[in-house]
Amino acid sequence: MTRELLQWDEITTVMLDMDGTLLDLHFDNHFWLHHVPLRYAEKMRIPLHEAKRELQRRTEAVAGRLEWYCLDYWSRELDLDIALLKEEVSHLIQIHPHVIPFLSRVKERGHPLLLVTNAHHKSLALKLELTHLGGYFNEIITTHDFGLAKENPNFWQRLQQRLPFEPKRTLFVDDSLPVLTSAHRFGIRWLVAIDRPDSRGPQRQTTPFSAISSFESILPPSLKLPLPLGEGRGEG
């Protein structure tokens, strides 16, 4: 996808996911697939492969529901301090390349910029503290305040009631195909997937959604006029 396909003049609101979209999903994949099973195996005194199998069974049971993303839920279920465990590997939290220039350009154009995430409040707070992304957004929305995950089409109706926006003039970028499908059913027009949310993982198939590997691909045109040829910015 290129920036021309987006028709930026028709977009009035920009909504962005966080994990896998703005931030490298390697942190979350490593945390849930390796770090939590390791700590759970240690606590339960069972082999690591048994811990991984048990956690897979439990996560599949709540996939697509708000519990899947809830740190408090998993702390109760596993009898582990999940928020504290995240801090143990927080050095893996990284911003995807070209995210900051994209956010800066969108702000320059004056589009309302919304962070819309399924992340739990504790996870959101940790990541915003370490990445300093919060200042770019007009609103930061976690679905835990609505009681519905983004996969649920009713979430979008509730979001629109709280923060009015025109679906046909909204751009939404997310790495989750079920989430993009939910947004499409609600009527959001401009939908973009991330085809490599984990920088260490494979490129993914995102059909039927258009996809990008980098936000550089959809960087909106600058509103600033270039300096005339030969003129500098000296102050005298």
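What you see is a predicted model; the values in this text were computed from it and never measured.

Caption draft 1: Structural detail: the pattern of salt bridges. Scanning the entire structure with this criterion turns up 16 salt bridges. Salt-bridge contacts for Arg39 lead to Glu42; the nearest nitrogen and oxygen are separated by 3.1 Å. With Arg39 and Glu42 both in helix H2 (residues 26–44), this residue pair falls three residues apart, about one helical turn. Assessed through its relative accessible area of 47%, Glu42 is described here as partly exposed.

Caption draft 2: Region of interest: helix H7 (residues 99–109). Among the residues of H7, Val99, Phe102, Leu103, Val106 and Arg109 are the ones counted as buried. Buried residues along H7 cover an arc of 125 degrees about the axis, so they all sit on one side. Those residues of H7 hidden inside the fold are in contact with strand E1 (13–16), strand E2 (113–117) and strand E4 (170–174). A positive backbone phi angle near 85 degrees is found at Gly110, which sits one or two residues after H7.

Caption draft 3: Here's a closer look at the packing of aromatic side chains. Summed over the entire model, instances satisfying the criterion amount to eleven aromatic pairs. The interplanar angle of 45 degrees and the centroid separation of 4.7 Å between the aromatic rings of Phe102 and Phe215 together place this pair among those described as tilted. Remark: Phe215 occurs in the segment after strand E6 (210–212) and Phe102 occurs in helix H7; sequence separation between them is 113 residues. In this structure, Phe102 and Phe215 share a single accessibility class: buried. On the numbers, 5.0 Å between centres and 70 degrees between planes, the contact of Trp156 with Phe172 is edge-to-face. One end of the pair, Trp156, is in helix H9 (residues 153–162); the other, Phe172, is in strand E4, with 16 residues separating them in the sequence. Here Trp156 and Phe172 have matching classes, each one buried. Three or more aromatic residues joined by ring pairs make a cluster, and in this case those are Phe27, Phe31, Trp32, Tyr73 and Trp74.

Caption draft 4: Spatial organisation of the pairing of E4. In terms of residue burial, E4 counts as a mostly covered element, since five of its five residues are buried. Burial of the side chains of E4 extends over both faces: Thr170, Phe172 and Asp174 are buried on one face and Leu171 and Val173 on the other. Note that E1 and E4 share four bridges and pair parallel. Note that in E4 the partner of Thr13 across the bridge is Thr170. Strand direction decides the pairing type here: E4 and strand E5 (residues 190–194), joined by four bridges, are parallel. The residue of E5 that forms the bridge with Phe172 is Leu191.

Conventions we followed
- Residues numbered from 1 in each chain as written.
- Predicted model: local features only at pLDDT ≥ 70, side-chain atom pairs only at ≥ 80, totals over all residues.
- Heavy atoms only, no water.
- Salt bridge = Lys/Arg side-chain N within 4 Å of Asp/Glu carboxyl O.
- Helix = DSSP H or I, 4+ residues; strand = E, 2+ residues; numbered from the N terminus.
- Buried < 20%, exposed > 50% of the residue type's maximum accessible area, 1.4 Å probe, protein only.
- Arc of directions from axis to C-beta.
- Contact = heavy atoms within 4.5 Å.
- Phe/Tyr/Trp six-rings, centres within 6.5 Å; stacked < 30°, edge-to-face > 60°.
- Pairing = 2+ DSSP bridges.

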